[in-house]
Amino acid sequence: SMAFKYLLISKNICSTFSNGNPDICLVYCYIGDMFLRMNEPVWAIRSFWKAKTLRENILGGDSLDTATIYNNIGVCLYYLKEFYHSQAFIKLAYEIYKEYE
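This text gives an overview of the structure that appears in the document.

Reading guide: rules and limits
Position numbers for residues start from 1 in each chain and track the written sequence from start to end. It should be noted that, the model being predicted, local features are given only for residues of pLDDT at least 70 and side-chain atom pairs only at 80 or more, the latter also being counted only at that level, while totals for whole chains, interfaces and linings use all residues. Derived side-chain values reflect all non-hydrogen atoms in the structure, with water molecules and hydrogen atoms excluded from consideration. Pairs were defined over the aromatic rings of Phe, Tyr and Trp, the Trp ring being its six-membered one, requiring ring centres within 6.5 Å. Orientation was assigned from the angle between planes: stacked under 30 degrees, edge-to-face over 60, tilted for the rest. A ring has a charge above it when a Lys NZ or an Arg CZ is no more than 6 Å from the ring centre and no more than 35 degrees off the ring normal. Only DSSP runs of H or I with at least four residues qualify as helices, and only runs of E with at least two residues qualify as strands; both kinds are numbered from the N terminus onward. A contact between two residues is defined here by any heavy atoms of the two lying within 4.5 Å. In this text, buried Ala, Val, Leu, Ile, Met, Phe, Trp, Tyr and Cys residues form a nonpolar core when linked through side-chain atoms within 4.5 Å. Here's how the labels work: a residue is buried when its accessible area is under 20% of the maximum for its type, exposed when over 50%, partly exposed in between, all with a 1.4 Å probe on protein chains only. One less than the residue count of a helix, multiplied by 1.5 Å, gives the span that helix is expected to have.

Attention shifts here to the packing of aromatic side chains. Taken as a whole, this structure holds five aromatic pairs when the rule is applied. Taking the ring centre of W49 as reference, the NZ or CZ of K52 above it sits at 4.4 Å.

In structure tokens form, the structure reads like this:
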């Protein structure tokens, strides 16, 4: 609960960043990670999806940072037993990673 409290404080700080700053979605990534560790994949995927939307709008869909979020969404979908969709997101992340090797 303490981590969640500090993440919400961080969210308020990140909201002061400019709209073009890709770091505005970091809080959503950490909140998603926290929910995933609490075994709440539905809430985690909501947080990661918000981060995905922000990153795609700022950096585009083919950046490493966005690929990391695709991978996280794939993990959430795996926990929800959505294996087909999970595989698609993880493959997409892998293909982006390969481009940067």
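Having seen the model, we can carry on.
For the rest of this paragraph, the subject is the environment of P41. Along the chain, P41 turns up in helix α3 (residues 41-58). C-alpha of P41 to C-alpha of I69: the two residues are 28 residues apart in sequence and 14 Å apart in space. The residues touching P41, leaving out its near neighbours within four places in the chain, are L36, C76, Y79 and L80.

This paragraph deals with the nonpolar core. Core analysis: the biggest nonpolar cluster contains 25 residues, and C25, A44, F48, A51, I69, I73 and C76 have the highest contact counts within it. Listed by contribution, the elements that provide at least two residues to this core are α1 (2-14), α2 (26-37), α3, α4 (64-79) and α5 (83-99). Counting residues per element, this core draws most heavily on α2, which supplies seven residues.

Looking now at unusual backbone geometry. Located in the positive-phi region is N39, a residue other than glycine, with phi close to 65°. Inspection of the secondary structure assignment puts N39 in the loop between α2 and α3. Phi is positive for K81, close to 65°, though the residue is something other than glycine. Here K81 is to be found in the loop between α4 and α5.

With 17 residues, α5 should cover 24 Å at 1.5 Å per step; its first-to-last C-alpha distance of 24 Å lies within 8% of that length. Those residues of α5 that are buried are in contact with α3 and α4.

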